[in-house]
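Structural description and commentary
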Amino acid sequence: MKKTATVLASCLLMVLSAGAQSPEFLPDWNPGYLDIHTIATGRGDACLIIMPDGTTMMIDAGDNGKAKDKQHPDASRRPGEWQSMYMSHFIKGLPGDGRLDYALVTHFHDDHIGSCRDTLPGTNGYGLSGITLVGERVPFAKLVDRGWPEYDFPSREKVLAADKGFMEQYFKFIEYQRSTGMEMEKFRIGSKTQFALKYAPKEYRRIFDIRNLAANGEVWAGKGLKSTPMYSGDTHLFDENMNSCAIRLRYGNFSYFNGGDLSGGNIEVVKGYPCKERDFETPVAKVCGKVTAMKANHHGYYDTCNGFFMQTLAPEVFVVDARSDNHPVPSTFTRVTDPQVWRGEREYYITVDQPRKKLGEALWSKFKPWGHIVIRVYPGGTSYQVFVLDADSTDYHVIYKTEVRNLD
């Protein structure tokens, strides 16, 4: 009887061991890979790009400071702390030696740059939230935004009002960091050298570039550094979203769009905006063209992702960096997922699950599992794969992945 019990116990142990699989992790970055990470915190945008030669770039590091927006992995740290920990983990061992080569601020709203709410005290003359907190932990070699050095478009008063109180902290951050060696530049519309590869540019010069498409209400004219206004009215009527910086990244046959919080119109359902001239997506789409992947403008809010924009970009991978139950709203996501609006194979990804109830299960079920979203493009830009990492853990293990997809 004792022998039988021992045998049964051994068999049970073998079954349990077979069922308990070790967690899977994102394979290490290697030269030739392009990685685009959309980092999930639930309180603001943050994107990390690791280019094929190891050059690194951050796009935004937000913290809206709103306690009602659930944080990930938890509220024991500020979003900027979680963002810097994530970036430090994935840039370890790269040529920048723990420093980000580039940081881009798309526009001056708290969920993209930081807030005076819930700010940590700093020791260098400015409060720590969002980008100032990340910059303290992971230094920037170069910081680029839409306004430096004058910050006077459409007026300095409008810039200061975009993120009440925190812009002064941001200016102090820039002043201090420049004194320690950080470079500062204004976003140059039309440039494809402002975010250039730093470590092996010749090796990838024919197949990799980042083109600056739009900022400050102007869009690249399609040649050189020329740009044209996307508006005809009073720029003082625009909210800060309209001034967002937009880029298109290309690597071989792969391409990616990030446009901050650009608007695509649909003003009839957006309250509180004095300017009705809000379709900036259409002119941007015309110079951007088709892409493989994109981040949804303005988190998929009411005024974004218009039909022409979606038809033109026609991404295979659509990513929503979310922080509220309105990211995305049902009307926008219905349009985005409608095969009659734009055709082709596509998948939908989101960073957090806050909008699930408001979207309803029929729409929510179109998303892949939520979390940190990593698009990995393989050498030469001829294939890619998407990974979702657990946003409620600190080991960043994989909870979902696609097969490798070839690009024609």
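Residues numbered from 1 in each chain as written. Predicted model: local features only at pLDDT ≥ 70, side-chain atom pairs only at ≥ 80, totals over all residues. Heavy atoms only, no water.

1. Observations concerning the sheet that holds strand β10 (residues 246–251)
Operational definition: Between any two strands, pairing holds if DSSP finds at least two bridges. Helix numbers and strand numbers start at the N terminus; a helix is a DSSP run of H or I with at least 4 residues, a strand a run of E with at least 2. To get an axis, a line is fitted to the C-alpha atoms, and for a helix only the part in contact is used. The angle between two axes follows their N-to-C directions and goes from 0 to 180 degrees.
Spatially, β9-β8-β7-β10-β11-β12-β13-β14 is the arrangement adopted by the eight strands of the open sheet, whose pairing is mixed. With partners counted over all chains shown, the strands left at the sheet margins are β9 (227–229) and β14 (347–350), one partner each. Across this sheet, the average inter-strand angle for adjacent strands is 20 degrees, counted without regard to direction. Here strand β7 (residues 208–215) runs beside strand β8 (residues 218–220); their pairing, made up of two bridges, is antiparallel. Within β8, the position partnered with A215 by the bridge is E218.

2. Quick look at the pairing of strand β1 (residues 34–38)
Filter applied, for reference: Burial classes follow relative accessibility: with a 1.4 Å probe on protein chains only, a residue under 20% of its type's maximum area counts as buried, one over 50% as exposed, and anything between as partly exposed.
Across the five residues that make up β1, a large majority, five, are buried. Both faces of β1 are covered, namely the face carrying L34, I36 and T38 and the face carrying D35 and H37. Strand direction decides the pairing type here: β1 and strand β15 (residues 372–377), joined by five bridges, are antiparallel. In the strand pairing of β15, L34 is matched with V377. Pairing of β1 with strand β2 (residues 46–50), which is carried by four bridges, proceeds in the antiparallel orientation.

3. Considerations on empty space enclosed by the protein
The condition that has to hold: Throughout, the protein atoms alone are placed on a 1 Å grid, and a set of points is a cavity if a 1.4 Å probe fits but cannot get out or a pocket if it is open with protein on both sides within 12 Å along at least five of seven lines; lining residues have an atom within 4 Å of a point. Grid points are joined across faces, edges and corners, and a volume is the space filled by probe spheres set on the points. Any residue outside Ala, Val, Leu, Ile, Met, Phe, Trp, Tyr, Cys, Pro, Asp, Glu, Lys and Arg is labelled polar, Gly included; the first ten of those are nonpolar and the last four are charged.
With the rule as written, the count across this model stands at two cavities of 30 Å³ or more. Considered as a void within the structure, the largest cavity measures approximately 70 Å³ in volume. Taken together, 13 residues form the lining of the largest cavity, with H72, P73, W82, H372 and Y396 sitting closest to its centre. Sorting elements by how many residues they give to the lining of the largest cavity places helix α2 (residues 79–91) first, with three residues. Partitioned by chemical class, the residues of the lining of the largest cavity number seven nonpolar, six polar and no charged. Within this model, the second largest cavity holds a volume of roughly 30 Å³. Lining of the second largest cavity is provided by D45, A46, C47, I59, D60, N258, K295 and D321. Taken together, the elements giving at least two residues each to the lining of the second largest cavity come down to β2 and β3 (56–61).

4. Regarding the layout of surface pockets
Over the atoms, a rolled probe matching the size of one water molecule traces out where space is still vacant. Of the pockets and cavities examined, the largest pocket occupies roughly 400 Å³. K66, D110, D111, H298 and R323 are the residues nearest the centre of the largest pocket, which is lined by 21 residues in total. For the lining of the largest pocket, the residue count by class is three nonpolar, eight polar and ten charged.

5. Thoughts on the pairing of β2
For β2, the buried fraction is high: five of the five residues fall into the buried class. Along β2, one buried face is formed by A46, L48 and I50 and the opposite face, lined by C47 and I49, is buried too. Note that β2 and β3 share five bridges and pair antiparallel. The residue bridging C47 from the neighbouring strand is I59, located in β3.

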